[in-house]
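Okay, here's what each chain looks like letter by letter:
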Number of protein chains: 2
Amino acid sequence: MEGLTSFAPYLSIGGLIIAFLIYLYVGKQPDGNDRMREIAKLIQDGAMVYLKRQNTILIIFIIVVAIALGIFIGVHTAYAYIGGAVCSMLAGMFGMKAATKTNVRTTEAARRFKPNAGKALSIAFLGGSVMGLSVASLGLLGVGVLFIIYGEPSTAAVINGFAMGASTIALFARVGGGIYTKTADVGSDLVGKVEAGIPEDDPRNPGVIADNVGDNVGDVAGLGADIFESYAGSIIASIAIGATAIAGSKVAELGSTTALMSLPILLAMVGLIASLIGIGAMRFLENFNPAAALRNSTFIAAILFLVGGYFIIANMDVDNGVYWAVLVGCLSGIAIGLITEHYTAGKPVIRIAESSETGAATNIITGLAVGLESCALPIIAICISIYVANHFAGIYGIGIAAVGMLATTGIIMSVDAYGPIADNAGGISEMSALGEDVRKITDSLDALGNTTAAIGKGFAIGSAALTALAMFSAYTLTISSSMGTTFEIILTDPNVVIGLLIGGTLPFFIGALTMTSVGKAAFKMVNEIRRQFREIPGLLEGKEGVKPDVEKCIDISTKAALTEMIIPGIVAIASPVIIGFVLGPYALGGMLAGATVTGVLLALFMANAGGAWDNAKKHVEQGNFGGKGSDVHKATVVGDTVGDPFKDTSGPSMNILIKLMSVVSLVIAPLLV
Amino acid sequence: MEGLTSFAPYLSIGGLIIAFLIYLYVGKQPDGNDRMREIAKLIQDGAMVYLKRQNTILIIFIIVVAIALGIFIGVHTAYAYIGGAVCSMLAGMFGMKAATKTNVRTTEAARRFKPNAGKALSIAFLGGSVMGLSVASLGLLGVGVLFIIYGEPSTAAVINGFAMGASTIALFARVGGGIYTKTADVGSDLVGKVEAGIPEDDPRNPGVIADNVGDNVGDVAGLGADIFESYAGSIIASIAIGATAIAGSKVAELGSTTALMSLPILLAMVGLIASLIGIGAMRFLENFNPAAALRNSTFIAAILFLVGGYFIIANMDVDNGVYWAVLVGCLSGIAIGLITEHYTAGKPVIRIAESSETGAATNIITGLAVGLESCALPIIAICISIYVANHFAGIYGIGIAAVGMLATTGIIMSVDAYGPIADNAGGISEMSALGEDVRKITDSLDALGNTTAAIGKGFAIGSAALTALAMFSAYTLTISSSMGTTFEIILTDPNVVIGLLIGGTLPFFIGALTMTSVGKAAFKMVNEIRRQFREIPGLLEGKEGVKPDVEKCIDISTKAALTEMIIPGIVAIASPVIIGFVLGPYALGGMLAGATVTGVLLALFMANAGGAWDNAKKHVEQGNFGGKGSDVHKATVVGDTVGDPFKDTSGPSMNILIKLMSVVSLVIAPLLV
């Protein structure tokens, strides 16, 4: 069974070919009228220009870090690092290319087949699946190839470089994308919706194209890089832990080194196959109601994965108890998703809407309270995973639980990427004035996308926590084996406490930086949009032929994202290096633990508060508590605006921050002894 | 030198006598006209009624816990627990009694001696010093008496019960007081300032008396119980660590057991004497400018304490390195205070005010960013304290650093309690229509009070962090000595990780509970005030003789505080017990560490964001960015309202939460082995 890992690259190339075929198929769908094409082209160009400029900066950064790695760690690790970075960038490129082609075609499908939403759903989902399959396939390809070359316990540390490369791209893509999208979103909303009183996505608003570009840049490319990193990171952490299964160690009781190192890759292969089947099943599911279709395709893939995973483990030299880790990881991912759905679409949303009756202040207070409260249950789910995984399979089990949560990344990410495509489709229909009934279909697809996005964030956070913990364990095992004795980080050691406190503070600090960036950039965006409304005659009145200068707004978002992503990125990469070399490996261990705790909590708090504020506003817009235009509605718009950088910039940065710091620590571990 | 500890009770009784004399002196000052006396009586009655009802509930709770302690731990610990609770309650009673007498006399002094603010400052400060001296003296009295009875290493664990009693009262007083004051404050502001457009403290507003009662209940009694707990807790944790100085242990290298156990009490005695001198010095300082007077009296006490402490340590069987811990603790307390002052009164405040030009949403975003950012420097100050204290005096040094930070509690708390007295004095002058020039004096004293309050919060948070860490160390040492081997909490143990995550979540959860309580109760308050404006004819118009029904509002605040304080209190006390017995002492250790990290961070985040929002509003009200009544001002009012429960309810609860959980763990430690 272990030998099957050598097929991983072929399977991944198969996945990429299928993604490409889907891309061609989507491209052949009709793309609407001239106006629609024009808007779609603006969005596509904006997104691609941004991605190219971002990647140009990142390539320089990657080269610098790779040289440092080559000098201090080893040339092979530097290559793996570059490999991880390139695969992550490619996944982002492929996914965005597909997403920006699919958005307008989804709108067109909604227009042609109205009132039937099935075809539009199916196209949006297929467009998203290009991203899903690219992420899973490129991740498996990279790890698989490296495993064939370096898959021996003595050389496996090289593979860690891949995770570090993926993390580096992820952090910049998430932070940059997050700043881009929220600068545009907050800026356009503040002037358009609040001051000028024109609807969202109104073509008169100079910021709306940038806003739609932002959906792709942040929610497609950014989230993709995030999940890519967790996916690759969880596999690599498990390999690293498996590699320490030397005779006599606790890990060795679970099976042979080869088996333990191969298992994560085999599980990922099963997960990819299961995802492909799940995506295929949409052909039959598209006629059901959209929510059920998306959910069932995910469930089909999850069940197939769990069955296949059981079969794999039963036929390997691995303790059967490891299966419990797979199971609990997969189930707790789903559980966190459902809890997230409750907090961002259930009763707490009504509570926020109701509290808005006494104004914006109580809307904010209640939203913050909901966000704080929403941390408890997901943490309990994560704790249960840790407990069960550890009980049956020790530290190795925690890594495998993360793999279990993310093995079906192919479909999870497809469903996730569907969200911003549907959002864009709605924007295009509004800007092209396709009328109420088309907008109604795209709105229903978009509302569904909000829920899938929330669930996707739940997966991203849960898997980040488990991956970071697995990385953390791999870090201590690596130092142990370098030292030749057991490396134990003792919590009462004052150095560890210092590390814990500093680590705990870093997510707060990165949160402050990213919130400030959005605040500053949105301020510029607001002033630019106000200027255009003031200085371009006839724009606000909607005079025929008068067009806003959308390029200026795209430029503000692009510049803000590219400049403001640098400092958080450097802080995240440099802090483990500085703490590790100045205060030593014990303090660094404390720092990773502290950062993981507050990072996960802030991620949950921010994501869920933001999601709940957004939906509270939507709830009022549906005619509750006074409906659109009422004072209650205005109060909910304030909450929604505050929630924007929370849920789409600062919150998601946390996941990557904790993973990036863990993987950097893992890579530099041998130097710290 | 060690024998001097037996004088601690006499010194404390001396402190109490001086406090009583000050109380009599303040009471003899003129208390103004009939209207002023009437308002002052309403405030005093409201505060006393609340405190009595709160204490009635608490006495039942205390008896139940004491019985449990008597059965499971020992009768002596139960007595000590009751002693800690009673001393804390008495300190609160004395302080509030004085504060509610002083407020109106401060107003009257402002009226008589205008435009000279010196006399009013002096009276307000003297009123506050009753609280300061009561806290320090009763704390030292209780610990001193217990030390005489149980001051042997074998019985010293009994003294821990005193800290637990103090913590229990502190949590309920802080949470209850915080909910009381913010329910009244948020409710009156939302209807009065925002809807009806009448000024703060306007006598027509039915909620203003409750608001002024709240200042006493929350900021005097609540903060007093908080500081009382830190003060007693830091001394007791140091005694507990000193008691483990058995031959061969690391702690024993620092000196004899007797000396190490006596030192914290001796330092507290020096601190109390230094505080008395500092308070006395105000007689000469009152003619300087008020800010300088308050600051200099604190500095005089700090310098005297540092000199006296040096003399004590030099003449004891204690390693001189311990003095570094005293010094670093004292200095970092001041440093955290100054950092807090920067974030709540410096440039960040202007940033928030400026961002309010684009509305409430950007005001909130910037305020949250400032709050998140403000955590970094205080944490670094705490880390430096830990590093230096540990370098020179090991774990014992961390406890002593906390003692050093809080030894001059007498004066720190006096300056703190001055704030709400000045605030009340302003309220009384507004409600009694004493005119612009009186209000100007009370306003200037009040503005100063905001800064001193912020600094006081900095001390409370910094000392809570160090005290919790010292308690945590005492916990592990206690378990070690019960087990007979070294008890080491290893950070990669999955049970510890689970504890860490659950502990990290608790402050978020308590934050959610308290924010929700304020939100719900403020909603009721708003409806009641709206009802009175609607149903009482002539009230809003200010018709002669028409009075609001202030009792109803006081009742809403009282009921909300008393019912909503129960669940957070039980969660805080029960969670270490549950985790300790279900998951064991390792997981409990992880939980304490996790709770300390996120508790301190959330406390800083909430306190500083809240303070900054408050002062951003004040900055606009001073005529910047459009001044009072402008849209910018309205945006800052939203931020201020959100900040209210942040800085005065949820944030301060965090300090006590982490201390209470630590002390409960310390007390139950022997049962967990």
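Residues numbered from 1 in each chain as written. Chains lettered and ligands numbered in written order. Predicted model: local features only at pLDDT ≥ 70, side-chain atom pairs only at ≥ 80, totals over all residues. Heavy atoms only, no water.

K.L.:
Looking at this model, I keep getting lost on the environment of Thr-596 of chain B. Mind explaining?
P.N.:
All names here are of chain B. Tracing the chain through its elements places Thr-596 in helix α18 (residues 584–621). Considering only alpha carbons, one finds Thr-596 and Glu-488, 108 residues apart in sequence, at a separation of 18 Å. Residues in contact with Thr-596, not counting those within four places in the same chain, are Ala-465, Ala-468, Leu-469 and Ile-658. (Helix = DSSP H or I, 4+ residues; strand = E, 2+ residues; numbered from the N terminus. Contact = heavy atoms within 4.5 Å.)

K.L.:
Can you help me understand the relation of the copies chain A and chain B in this one?
P.N.:
In summary, the two copies of the chain are related to each other by a rotation about an axis coupled with a shift along it. Taken as rigid bodies, chain A and chain B are interconverted by a rotation of 180 degrees and an axial shift of 0.0 Å, the fit giving an RMSD of 0.0 Å. Taken together, the rotation and translation describe the operation of a two-fold axis. Taking C-alpha positions as the reference, the residue of chain A nearest the rotation axis is Ile-490 of chain A, at 2.3 Å. (Least-squares fit on C-alpha atoms with pLDDT ≥ 70 in both.)

K.L.:
Honestly, unusual backbone geometry in this entry has me stumped. Any pointers?
P.N.:
Trans is the prevailing form of peptide bonds, just as negative phi is the prevailing case for residues other than glycine. The omega torsion across Lys-114 of chain A and Pro-115 of chain A is 5 degrees, close enough to zero to call that bond cis. Within the secondary structure, Pro-115 of chain A is located in the loop between α3 (75–113) and α4 (118–150). Phi angles above zero are rare outside glycine, and Ala-433 of chain B is one such case at about 50 degrees. When you line up the elements, Ala-433 of chain B lands in the loop between α13 (409–431) and α14 (436–483). One non-glycine residue, Phe-625 of chain B, adopts positive backbone phi at about 50 degrees. Along the chain, Phe-625 of chain B turns up in the loop between α18 and α19 (631–672). For Phe-625 of chain B, a relative accessible area of 26% translates into the label partly exposed. (Buried < 20%, exposed > 50% of the residue type's maximum accessible area, 1.4 Å probe, protein only.)

K.L.:
I tried to follow the interface of chain A and chain B on my own but got confused; where do I start?
P.N.:
Where the parts come together, the accessible area they lose is often given as the size of the interface. Each partner contributes to the interface: chain A provides 65 residues, whereas chain B provides 65 residues. In total, about 5800 Å² of surface goes out of reach between chain A and chain B, with carbon and sulfur atoms giving 86% of it. The tally of links between chain A and chain B comes to 0 salt bridges. In this assembly, chain A and chain B are joined by 2 residue pairs in polar contact (both at pLDDT 80 or more). Where the side of chain A that touches chain B is concerned, the elements lending two or more residues are α10 (347–355), α11 (360–373), α12 (376–406), α14 (436–483), α15 (494–535), α18 (584–621) and α19 (631–672) of chain A. (Buried area = accessible area lost by both parts, 1.4 Å probe. Salt bridge = Lys/Arg side-chain N within 4 Å of Asp/Glu carboxyl O. Polar contact = N/O pair within 3.5 Å; in protein donor to acceptor, adjacent residues only side chain to side chain.)

K.L.:
Help me out: how do you make sense of the packing of aromatic side chains in this one?
P.N.:
Following the criterion strictly, the structure yields 24 aromatic pairs over all chains and no others. For the ring pair Phe-20 of chain A and Tyr-23 of chain A, a centre distance of 6.3 Å and an interplane angle of 25 degrees mean the geometry is stacked. Here Tyr-23 of chain A and Phe-20 of chain A lie together in helix α1 (residues 8–28), a separation of 3 residues that amounts to about one turn. Of the residues examined, Tyr-23 of chain A reaches a relative accessible area of 17% and is grouped as buried. Considering the side-chain rings of Phe-605 of chain B and Phe-646 of chain B, the 5.5 Å spacing of their centres and the 75 degrees angle between planes classify their relative orientation as edge-to-face. Residue Phe-605 of chain B is found in helix α18, and its partner Phe-646 of chain B is found in helix α19; the two are separated by 41 residues along the sequence. Aromatic rings pair up to connect Phe-508 of chain A together with Phe-605, Trp-613 and Phe-646 of chain B into one cluster. (Phe/Tyr/Trp six-rings, centres within 6.5 Å; stacked < 30°, edge-to-face > 60°.)

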